[in-house]
Amino acid sequence: MDSLGLLVQQHRDIKNLVNKLRTLSLEEKLADRERAKEVRKNLSLLVGKLKVHIKHEDDFLYPSLLESKNKDVRRISKKFIDEIGDFSKVLEKFNKKYLRHSVITENPDDFITDLTGVLTKLEQRIEKEDNKLYPLVNK
């Protein structure tokens, strides 16, 4: 599988985990210890996949785009690099805040609010990459 194909596959895997987390994180069920453990497990899987995905982009995709002869490609790539750095910080803070499943069961409202914010930003990022950045790679 080529580099772009791998990134697209990673996006599919990430979207599946996002959907699973949304389904698992129904407020009335988060008080259940086992449900909170499953949410935490899937959150860990998501964070792990995102770290691998971002590393792959940083090591393979962005270096080549930043060397493009097309100034628009370089500009858009730089913008995406800056944005993902901010998202990575938000994700890491969120992950640390809810590192233990007990924090989820004790604060389900806060967790859902925070999770919704992180997942929405992630979905927006994936949509931008799929619709703006990856087509540049195909040119």
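Residues numbered from 1 in each chain as written. Predicted model: local features only at pLDDT ≥ 70, side-chain atom pairs only at ≥ 80, totals over all residues. Heavy atoms only, no water.

Student: Is there a simple way to think about the overall build of the protein chain in this case?
Tutor: Scanning the protein chain from N- to C-terminus turns up five helices and zero strands. Traced from its N-terminal end to its C-terminal end, the protein chain shows the element sequence α-α-α-α-α. Counting only C-alpha atoms and orienting by the principal axes, one finds that the protein chain spans roughly 55 × 25 × 20 Å. Across the protein chain, contacts joining residues at least 24 apart in sequence account for 75% of those joining residues at least 6 apart. Carbon and sulfur atoms make up 53% of the accessible area of the protein chain, which amounts to about 8,200 Å² in all. (Helix = DSSP H or I, 4+ residues; strand = E, 2+ residues; numbered from the N terminus. Contact = heavy atoms within 4.5 Å. Areas by Shrake-Rupley, 256 points an atom, 1.4 Å probe, with all protein chains shown as cover.)

Student: When you look at the packing of aromatic side chains in this model, what are you seeing that I'm missing?
Tutor: Aromatic rings in a pair are described by how distant their centres are and how their planes are angled relative to each other. Inspection of every chain in the model, using the stated rule, returns three aromatic pairs. Measuring from centroid to centroid gives 5.2 Å for F94 and Y98, while their planes differ by 55°, and the two rings are tilted. There is no split in this pair, since F94 and Y98 are both buried. Ring centres of F94 and F111 lie 5.8 Å apart, and the angle between their planes is 25°; on these two criteria the pair is classed as stacked. Placement of the pair is F94 in helix 3 (residues 71–97) and F111 in helix 5 (residues 108–138), with a sequence separation of 17 residues. Given a relative accessible area of 4%, F94 falls into the buried group. (Phe/Tyr/Trp six-rings, centres within 6.5 Å; stacked < 30°, edge-to-face > 60°. Buried < 20%, exposed > 50% of the residue type's maximum accessible area, 1.4 Å probe, protein only.)

Student: Just to check I follow, could you spell out the confidence of the model for the protein chain for this structure?
Tutor: Do not read the fine detail of predicted coordinates wherever pLDDT is low. For the protein chain, the mean per-residue pLDDT works out to 90, and 99% of the residues sit at or above 70. Across the protein chain, helix 4 (residues 101–106) holds the top mean pLDDT of 94, while helix 3 sits lowest at 89. (pLDDT = per-residue confidence, 0-100.)

Student: What is the right way to look at the packing of helix 2 (residues 33–66) against helix 5 in this model?
Tutor: The description of two packed helices rests on the angle between their axes and on the distance between the axes. Following both chains from N to C, one finds helix 2 and helix 5 inclined at 30°, their axes separated by 13 Å at the closest point. Relative to helix 5, the element helix 2 is oriented roughly parallel. In this structure, helix 2 crosses over helix 5, and the sense of that crossing is left-handed. Of the residues in helix 5, those in contact with V39, L43, L46, L50, H53, E57, L61, Y62 and L65 of helix 2 are F111, L119, L122, R125, E129, L133, Y134 and V137. (Axes fitted to C-alpha atoms, helices over the stretch in contact; angles between N-to-C directions. Parallel < 35°, antiparallel > 145°, perpendicular 65-115°, else oblique. Left-handed = near helix turned anticlockwise from the far one by under 90°.)

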